[in-house]
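Tertiary structure, described
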Amino acid sequence: MEIPKQYDPKQAEQNHYERWEKLGFFAPEVNRDEHAPVFSIAIPPPNVTGSLHLGHALQHTMMDVLTRYKRMCGYRTLWLPGMDHAGISTQLMVTRELKKEGLTRHDLGREKFIERVWKWKKESGGQITRQMRREGASVDWSREKFTMDEDLARAVREVFVRLYEDGMIYRGNRIVNWCPNDQTVLSDLEVLKDPQPGKLYYLRYPAKNGEGGVTVATTRPETMLGDTAVAVNPNDERYRELVGSTLLLPLTGREIPVVADEFVDAEFGTGAVKVTPAHDPNDYDMGQRHDLAQIVVIDVHAKMTNEAGADFAGLDRYKARAKVVERFAELGLLEKIVDYEFSISKCERCKTVIEPLISTQWFMRMDELRDLALELMAREKKPRFVPEVPYEKVYTNWLENLRDWTISRQLWWGHQIPAWYTKDGEIIVARSEEEARAKAGTNELTQDQDVLDTWFSAALWPFSTLGWPEQTKDLETFYPTSVLITGRDIIFLWVSRMVMMGRKFMSREPFADVFINGTILDVHGQRMSKTKMNGIDPLEVFEKYGVDATRLKLASVGSTDIRWNDKQVESYRNFANKIWNAARFCLLNSEGATINPEILNTSGPELALHDRWILSRLNKTARDVREALAGYQFHEAVQTLYHFFWDDFCDWYIELTKSDVTAEESTAQRDQARVRLITVLEQALRLLHPFMPYITEDLWQRLPGAHESLLHEAYRGAAPTIMLAAYPEGKASLIDENAEWEMQAVIDLISRVRNIRSEMNIKPSEPVPVLIGSPDEKLRSMFLANAGQIRRLVRASEVSINAQLDAPRASARAVLAGSAEVAVPLAGLIDFAQERQRLGKEKEKLAAEGSKLKAQLANPQFAERAPEEKVNEVRARIADIAQRTAQLEQTVENLQ
RNA sequence: AGGCACGUACGUCAAUGGUAGACGGCUUCCCUUACAAGGAAGAGGUUGGGGGUUCGAGUCCCUCCGUGCCUACCA
């Protein structure tokens, strides 16, 4: 058989995915058992403009691990893929593209522009699906969705209409976050707060009679042109007299009142605040309280309006700022300018400084929806956050302080708001234009030009993708989904909104569990971002180390943040190579053998120790991996598998079977050993498959008898694939603690002898005799049964086992657990001083451990209060140490 | 400003209140016919400092130092 010595991931990654997909293994229909339990995941839809980054690969790996695992457990599994239309960024990308052609979207017109976006989406979206196929994601492509698909659009309109009819969606004129660059309103969550150094300007507003007046402090002097009051705290003695008086607003000649408002912090600045209701959210509120006029001095392009006065009209806001300051200086009204650090609001997408503006927009009232979500958590503790701390609290705290959501956006790309206006300005909200006409009783309607926030449609994702509002079979089967795996940055933007919408329209939470994955940082601990250019393309990592190795590293990230270092993937690449070579060994020695699952079901004294032991290890590993995955402990699962495959299977089991398996002649012993070896390997590959789909499938396909070995019964009749093989169960009945103890004794013995060889500088090629002494007859017969293995693994010329250790004086010795001793006669090789030193070191170690334990036991409180089994454990360990120390002393004496 | 996390080997990270581990790196030896992307044997830790609870603390509590993240309407 042709098997290269080195694992080549590219070769293994080549053909399997296509076959899996073509044969329909990813679709839930592959499962023939109609009573099968269901497992479903709706993918967090990636942004169609982007390409996938490591964070996506991380989440996809975790979702794929769970999906493949559950599928192998016989669940009817659906991992539903799809993409998000990402209104603002997509429109931005296409606008940029147009700009290169010297066009604006207005040149094309709405319809043509949207056509253009669809064309662009096809290309960009294709990139994402290619990447996902490369990752090995076992998503059901036949159910792929896009938030702008007609059926999802229908769900959006349905939700909008129902919420409107319930009075939960309304249109209103309020102050909002406006991005002057994107020309659209943004919700609070799409605004970044960026702390940066700035200036605080102290401006004096004279009293009406030209005397005195008040000094205010502001970071935005240009807004003074729109001031309609100055506010002070009602309890502020300094200004008590002034409340109710009138000031003369410089540069405008406008008379404005001094009002008292609790909001004002007397400690800050001068204690007096200029009030610009049209351009500041707080001032807006104050304006409402005091019935102040709203004077709009800045327009949607962040330029000064005519209202700002002839001197300023048309100026950019920052130029206007400079000019205002200059004028104040000229008038002697600029008291001072101090350095001041404050947070500035920026557009999350384009980083343009937000301009708060008064604008007519659509809003969603959140109080009722919020209560639904909070109730769900309070009563049923749903959804279950993993890790619970701190995310459950983060989630509920945010909900408690939730404010209304601005859902309209001044974009063309997105779900156009299903609201129409009659000539008289009446609002008709309907599912379609026809319905609107019928409702209005006229055909003369114009539809609202705005679209909905992308997150509006995303909030419906878990049920809109399954066919809602139709009562489809899929909806009935797969909702609620089993788990959501996502980053902590969208708990508010997305997770909470899905819960509210799911609760409102499906009466149930959209997912049972929410697993919040850790964030991948760069080597310096910085978040990866486009602007910092420190992102890593997963495809590059795949190229370098292979998909399976990368997946293993990603799966081991878990829920804590990690600093990414390519080097760390290397050890998993080495692991893949180890798997490859272990399989290579098994395959090269598999002639005459076929996988036989029967041997997995029974263990007993008729089996060799290592055979009982590996069955025990295999079942324990399966059990531990299952437990780890049940609690989303991906890291734990990876560690368990890594340790089992490399340490248990490769380092010990293969080594222990070598002598049998590599025999030239076909004997029953050889062939049975071969059957056991490849059968255990096949089980190990199954255990690894959810994490490393390519290499495991590739090797599995080569194993003799794999095609005939049992798929999970739910998949009877399906084409052979490890994907549908039953995941090892982890049977308690096959966990054999006695075999594990005995095997450990053998391993310890071998390790001690190897240690002696190494410390004594005995050449690895030099055979030495090994003498074992133990009064324990059972132990002796156990060593005897494994003497051949021991001899091979320590390169012994002979292994002799006696009740008494009868070794020449010139021997290196070691003490083992269970009152056993081992000696390696080293006539002419031994350096007595060195040997005494070596034993002395060992004695010190024992003494240190022993005195620690004795002190613990000597404490009367310990015996009294600690559980009995702990106390017994300590007693046993002390006894063991005492015995070993005594033997060591004897050994040292023999050396004198 | 508040809230929350984190600080463990040289590095990156693990450890239901019960013997502090893994991987990489490092030292020595070995190309032993599955694998040098490997094998064998080692070195390396008063778990950031201090205090407390407990029979027992990396783990729970307090405090200080350091580092991140989130939330917020101080102009």
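In this report, we go over the structure that sits alongside the text. This structure is a prediction, so every number in the text was calculated from the model and none was measured.

1. A short note on the overall build of chain A
Scanning chain A for helices and strands turns up 29 helices and 29 strands. On C-alpha atoms alone, chain A measures out to a radius of gyration of 37 Å, which is more than a quarter above the 29 Å that the 2.2 N^0.38 rule sets for 896 residues. Reported as C-alpha extents along the three principal axes, the dimensions of chain A are approximately 115 × 65 × 55 Å. Split into buried and exposed, the 896 residues of chain A put 55% on the buried side. Counting contacts in chain A only where the partners sit at least 6 residues apart, residues at least 24 apart contribute 77% of the total.

2. Quick notes on the sheet that holds strand β27 (residues 796–802)
Across the sheet, four strands lie side by side as β27-β26-β29-β28; this open sheet has mixed pairing. The sheet terminates laterally at β27 and β28 (811–816), the two strands that pair on one side only. Direction aside, the axes of adjacent strands within the sheet are offset by 20° on average. In this structure, strand β26 (residues 768–773) lies alongside strand β29 (residues 820–825), joined through three bridges in antiparallel fashion. When the sheet's bridge partners are listed, L771 is paired in β29 with A823. Packing of helix α26 (residues 787–794) onto the sheet brings it into contact with β26 and β27, and relative to β27 it is tilted by some 140°.

3. Focus: helix α4 (residues 87–100)
An α-helix turns once every 3.6 residues. As a result, residues three or four positions apart point the same way. Over its 14 residues, α4 extends 20 Å from the first C-alpha to the last, a length consistent with the 20 Å expected when each residue adds 1.5 Å. Within α4, burial applies to G87, I88, S89, T90, Q91, L92, V94 and L98. Residues of α4 that are buried sit in contact with α5 (105–108), α6 (110–135), β6 (184–186) and α13 (454–458). Where α4 terminates, the next one or two residues include G102, which has phi positive at roughly 75°.

4. Notes on the protein's contact with RNA strand B
Around RNA strand B sit 56 residues in total, of which N282, Y340, T560, N755 and R865 are the nearest. A share of 62% is what sugar and phosphate atoms reach among the atoms of RNA strand B within 4 Å of the protein. A distance of 2.6 Å separates a base nitrogen of RNA strand B from a polar atom in the side chain of Q6. A distance of 3.4 Å separates a base nitrogen of RNA strand B from a polar side-chain atom of R573. Looking at the surface near RNA strand B, its residues break down into 21 nonpolar, 18 polar and 17 charged.

5. Details of the environment of F783
As for its placement among the helices and strands, F783 is situated in helix α25 (residues 777–785). For F783, a relative accessible area of 2% translates into the label buried. Spatially, the C-alpha atoms of F783 and L399 are 65 Å apart, while their sequence positions differ by 384 residues. Setting aside chain neighbours within four positions, we find F783 in contact with A745, V746, L749, I772, I790, I801 and A820.

6. Points about the sheet that holds strand β7 (residues 191–205)
Reading across from one edge, β8-β7-β13 is the order of the three strands in this open sheet, with antiparallel pairing throughout. Edge strands, defined here as strands with exactly one partner in the open sheet, are β8 (214–218) and β13 (334–347). When strand polarity is set aside, the average angle formed by the axes of neighbouring strands in this sheet is 20°. In the sheet, β7 pairs with β13 via 13 bridges, with the strands oriented antiparallel. When the sheet's bridge partners are listed, P197 is paired in β13 with E341. Packed on one face of the sheet, helix α9 (residues 317–330) meets β7 and β13 and runs near 20° to β7.

Here is what the cut-offs are and how they apply
- The residue numbering used here restarts from 1 in each chain and proceeds along that chain's sequence as written.
- Written order decides the labels, with chains lettered from A and ligands numbered from 1.
- Note on the predicted model: pLDDT of at least 70 is required for a residue's local features to be given, and 80 or more for side-chain atom pairs to be given and counted; whole-chain, interface and lining totals, by contrast, use all residues.
- Side-chain measures were taken over the full set of non-hydrogen atoms in the model, leaving aside hydrogen atoms and water.
- Comment: elements are numbered from the N terminus, with helices defined as DSSP H or I runs of at least four residues and strands as E runs of at least two.
- Atoms considered for the radius of gyration are the C-alpha atoms alone. The globule rule reads 2.2 Å times the number of residues to the power 0.38.
- For each residue, the accessible area found with a 1.4 Å probe, counting protein chains only, is set against the maximum for its type, and the residue is called buried under 20%, exposed over 50%, and partly exposed in between.
- Contact criterion: two residues are considered in contact whenever any of their non-hydrogen atoms come within 4.5 Å of each other.
- Strand pairing is defined by DSSP finding a minimum of two bridges between the two strands.
- Lines fitted to the C-alpha atoms define the axes, with helices restricted to the stretch that makes contact. Angles between their N-to-C directions range from 0 to 180 degrees.
- Under the convention used throughout, the expected extent of a helix is 1.5 Å for every residue step, that is, one less than its residue count.
- The near set for a molecule or strand comprises every residue that places at least one heavy atom within 4 Å of it.
- Two N or O atoms count as a polar contact when they lie within 3.5 Å, although within protein this holds only if one can serve as hydrogen donor and the other as acceptor, and sequence-adjacent residues are included solely when both atoms are side-chain atoms.
- Under the scheme applied here, ten amino acids are nonpolar (Ala, Val, Leu, Ile, Met, Phe, Trp, Tyr, Cys and Pro), four are charged (Asp, Glu, Lys and Arg), and all others, including Gly, are polar.

Take it as geometry only, folks, not as evidence of what the structure does.
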